[in-house]
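Descriptive structure summary
Next come the chains, spelled out residue by residue.
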Amino acid sequence: MDLDTSKALKEVVDADALRLGKLLQECGLAFIEDFSPSGGRHLYIPLRERLDGSAARELVEALALRSTSLDPSPHQNLSDGCIRVPGSRHKSGGYQTLITPLSVAYDYLRRRNPPLAVLALKAALAPELKRLQAHKARQAKTASAQRKSAGLSLPPNAGGDSPLRRIARTGLYDASRYKSPSEARMAVLNHFAACGWTREQVENELNGQFPGLAALYSSANKQKRLLTFEWTKAQTYVNATRQKTPAPRTREKTAPINNTSRTKLTGGAHTPSRRSIHELVNDLENVVYAVLDHRLQSRGREGISLRLLMRGLLGYMRAKETDVLDVGCRTLAAAMGKHHVTIARLLPVLVKESDGIVTKIADARHKAADIYLVQLPDHFKQLARELTWRKGRVHAVRPVFRALGDSAALVYEGIERGRYSPTTADLVRLTGISRNATTKVLSEMEAMGMVRRTGRQWRTTSVSLSGLAVRLGVLEEHQAQVSRNRRDRAAWHAYLDRFVDRALEEVDMFDPDREDHWIPPDDESIWHAA
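Everything numeric in this text was worked out from a predicted model, so none of it was measured. (Residues numbered from 1 in each chain as written. Predicted model: local features only at pLDDT ≥ 70, side-chain atom pairs only at ≥ 80, totals over all residues. Heavy atoms only, no water.)

When you go through the protein chain residue by residue, the secondary structure sums to 23 helices and 10 strands. By element, 52% of the accessible surface of the protein chain is carried by carbon and sulfur atoms, the whole surface being about 28,700 Å². (Helix = DSSP H or I, 4+ residues; strand = E, 2+ residues; numbered from the N terminus. Areas by Shrake-Rupley, 256 points an atom, 1.4 Å probe, with all protein chains shown as cover.)

With that settled, the discussion passes to a nonpolar patch on the surface. Judged by side-chain polarity, W492, Y495, F499 and V500 come together as a nonpolar surface patch covering roughly 420 Å² of accessible area. Mapped onto the secondary structure, V500 falls in the loop between α21 (474-497) and α22 (512-515). Assessed through its relative accessible area of 33%, V500 is described here as partly exposed. (Patch = residues over 30% accessible without salt bridge, like charges linked within 9 Å, V, L, I, M, F, W, Y side chains within 5 Å. Salt bridge = Lys/Arg side-chain N within 4 Å of Asp/Glu carboxyl O. Buried < 20%, exposed > 50% of the residue type's maximum accessible area, 1.4 Å probe, protein only.)

Of the strand pairs in this sheet, strand β6 (residues 324-325) and strand β8 (residues 371-374) are connected by two bridges, and their pairing is antiparallel. Opposite L325, over in β8, you have Y372 as the bridge partner. Strand direction decides the pairing type here: strand β7 (residues 358-362) and β8, joined by four bridges, are antiparallel. The residue bridging V358 from the neighbouring strand is V374, located in β8. (Pairing = 2+ DSSP bridges.)

On to the side chain of T424. Counting through the fold element by element, T424 comes out in helix α18 (residues 424-431). Taking relative accessible area as the criterion, T424 reaches 8% and is therefore assigned buried. Of the polar contacts made by the side chain of T424, one reaches the side chain of W458; its length is 3.0 Å. Once residues lying within four places of it in the same chain are set aside, the contact partners of T424 are R435, T438, T439, L442, R453, R456 and W458. (Polar contact = N/O pair within 3.5 Å; in protein donor to acceptor, adjacent residues only side chain to side chain. Contact = heavy atoms within 4.5 Å.)

Turning next to the packing of aromatic side chains. All told, the structure shown has five aromatic pairs when counted by the stated rule. For the ring pair W197 and F210, a centre distance of 6.3 Å and an interplane angle of 55° mean the geometry is tilted. With W197 in the loop between α7 (181-194) and α8 (199-206) and F210 in the loop between α8 and α9 (211-215), this pair connects stretches of sequence that are 13 residues apart. Residue W197 shares its accessibility class with F210, and that shared class is buried. Each residue in the set F192, W197 and F210 is aromatic and connected to the rest through ring pairs, giving one cluster. Directly above the ring of Y217 sits R185, whose terminal nitrogen or CZ lies 4.4 Å from the centroid. (Phe/Tyr/Trp six-rings, centres within 6.5 Å; stacked < 30°, edge-to-face > 60°. Lys NZ or Arg CZ within 6 Å of the ring centre and 35° of its normal.)

Right, let's get into the sheet that holds β8. Neighbouring strands of a sheet are bound in pairs by backbone hydrogen bonds; such pairs are parallel or else antiparallel. With antiparallel pairing, the three strands of this open sheet are ordered in space as β6-β8-β7. Single-partner strands in this sheet number two, and they are β6 and β7.

Where helix α17 (residues 406-416) meets helix α19 (residues 435-447), the closest approach of the two axes is 10 Å, and the angle between their N-to-C directions is 75°. Classified by the interaxial angle, the pair formed by α17 and α19 is roughly perpendicular. Of the residues in α19, those touching α17 at S407, A408, V411, Y412 and I415 are T438, V441, L442 and M445. Considered class by class, the residues forming the contact of α17 with α19 number seven nonpolar, two polar and no charged. (Axes fitted to C-alpha atoms, helices over the stretch in contact; angles between N-to-C directions. Parallel < 35°, antiparallel > 145°, perpendicular 65-115°, else oblique. Nonpolar A, V, L, I, M, F, W, Y, C, P; charged D, E, K, R; others polar.)

Bringing unusual backbone geometry into the picture now. The backbone of E321 shows a phi angle near 55°, a positive value even though the residue is not glycine. E321 sits in the partly exposed class, given a relative accessible area of 26%. For H366, which is not glycine, the phi torsion reads 55° and is therefore positive. Within the secondary structure, H366 is located in the loop between β7 and β8.

A separate point is the nonpolar core. Counting residues in hydrophobic clusters, the biggest one holds 64 residues, and the most contacted among them are L314, F401, M445 and M450. It is helix α11 (residues 274-296) that provides the largest number of residues to this core, a total of 10 residues. Among all residues touching F401, those that are not within four sequence positions of it are D406, A408, A409, Y412, M445 and M450. If you look at the next biggest cluster of nonpolar residues, it comprises 25 residues, including A168, V188, V202 and V238. (Core = buried A, V, L, I, M, F, W, Y, C linked by side-chain atoms within 4.5 Å.)

For helix α2 (residues 53-66), which comprises 14 residues, the first-to-last C-alpha distance of 20 Å matches the rise-based estimate of 20 Å (1.5 Å per residue) to within 8%. Of all the positions in α2, only A55, A56, L59, V60, E61, A62, L63 and A64 are classed as buried. (Expected span 1.5 Å × (residues − 1).)

A few words on the pattern of salt bridges. In total, this model carries 34 salt bridges according to the counting rule given. The partner of E476 in a salt bridge is R131, with the nearest N and O atoms 3.9 Å apart. Taken as a pair, E476 in helix α21 and R131 in helix α5 (residues 126-148) lie far apart in primary sequence, 345 residues in all. When its relative accessible area of 9% is taken as the criterion, E476 is described as buried. Three or more residues joined by partner-sharing salt bridges are found here, namely K10, D14, E33 and R41.

Another point: helix α12 (residues 300-320). Taking 1.5 Å per residue, 21 residues should reach 30 Å; α12 reaches 31 Å between its end C-alpha atoms and fits that length. Of all the 21 residues making up α12, 17 are buried; the element is thus mostly covered by neighbouring parts of the structure. Of the residues trailing α12, E321 is marked for its positive phi of about 55°.

So, on to the sheet that holds strand β3 (residues 41-44). Read across the sheet, five strands follow the order β4-β1-β3-β2-β5 without closing on themselves; strand pairing throughout is antiparallel. Lying at the two open borders of the sheet, with one neighbouring strand each, are β4 (70-71) and β5 (97-98). Here strand β2 (residues 32-35) pairs with β5 via two bridges, running antiparallel. What sits directly across from F35, in β5, is T97. Running over the sheet, helix α1 (residues 10-26) touches β1 (2-3), β2 and β3 and is turned about 10° from β3.

Two elements in contact, α12 and α17, have axes whose closest approach is 10 Å; the angle formed by their N-to-C orientations is 55°. With respect to α17, the element α12 is oriented oblique. Between α12 and α17 the crossing geometry is left-handed. Where α12 abuts α17, its residues I304, S305, R307, L308 and R311 lie against D406, S407, A409, L410 and E413. (Left-handed = near helix turned anticlockwise from the far one by under 90°.)

Our next topic: the pairing of β3. Of the two faces of β3, the one holding R41 and L43 and the one holding H42 and Y44 are both buried throughout. Judged from the two bridges that link them, β1 and β3 form a sheet pairing that is antiparallel. Bridge pairing links L3 to R41 in β3. Across four bridges, β2 lies against β3 in antiparallel orientation. Counted as the bridge partner of E33 is L43 from β3. Hairpin connection, β2 to β3: the antiparallel pair is bridged by five residues, and G39 has positive phi, about 105°.

Bear in mind that shape data such as this cannot, by itself, settle questions of function.
In structure tokens, the structure reads:
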């Protein structure tokens, strides 16, 4: 494996070498390491049994998703894929130098690694391998669509890197835009602060998916000394920028003569308290699990989407602490990993099938979305009182399940929020998903360490779903969808503003550095980002 300084800074190469070495040792793989005068590293893994080119390429590409500086190209070309071995002369002068002691390297080459160690490495790279499979499937679908469209260009890949994210990963920056590493650091930190991250979240990712940002500090002491100061400076800059941004103009005192918006309360009613909203959501969850889920199971795949959409509305209701939802289709689509047209098609069906739980009370008008009222009908109140509230929170489709699928989301929820640890048969009965599909998603989640089996019962583990989402590459897709929604929304608002005589304001302009929102690693932030 080739860790190249052309892909990232030398500090990132060194960090990747340590991280890869630790992973290989945990899988029981012995390896040989050398370094070049340019600062690059090579890792050699001798095997007892021959591994064909496609399997080796798949493993190296999966490792490259975890290590920014790893160059997979030597394994992607069967005829020309080669690297410089220890003792070879380097083009810049000097020689490739062996790090592993010669006697140890000789012993590793003589004994070599068994096939079981390779299988352990494949198991450890299960999320990355699944991400590669999904990427190849998208590439095949894109190629097929291009052939059918007679060469018409398609939109770029949604998972593409943004410049600031690339700086945070590799430490390499455009010298024509940033004159020094400190300016590049501040650009990244300003973006983190604008997107709602905390200093603790940034520190956690310096040793995770963003080693390039740590490399820009050049040393651990400098990072410890400057990070707090620069983070405070970034927050001050972001707050000052927001204060300078003018608030959008409103038209509260005037309205069209045919205004059909909701009439404001004039007295005799009160706004529901935060506590009452959370209690209402808890009651509605019990009704959804006891009645609505079973009613929607007969609708097949559409029923699964409707059940998750209902959970999305409850999650939005809890996050915003209101029972009157003016959430748009694009916001729900970003939270569920679906197209906004699909959400627009499902919402009327859900209103009809919810038996009075969801009611549409106002149509979309101008910049406002459709308004829905979520309530507990009288004929469900007795049932809600008889059932105890469940542990945990309701979710729509958490980012990790964009890759694993809707069925996996429901099965995981059945384990996570169940009143007891369920068996496979219990999950089939509770979710209404076929046994074959349930067994398949349980195997996938067990391979990724999300669930574990104790006897016949299933339990969740402490693995971070956000961390798995990063490894599967779905957070980038979610961020791209949020940015795309904001561009569409800005275009729609610009079209409406053509009929209003007012000057263009800064808040109405699309700024890529501000609008390409970099979502903090927290499930709650999904609603605010969308």
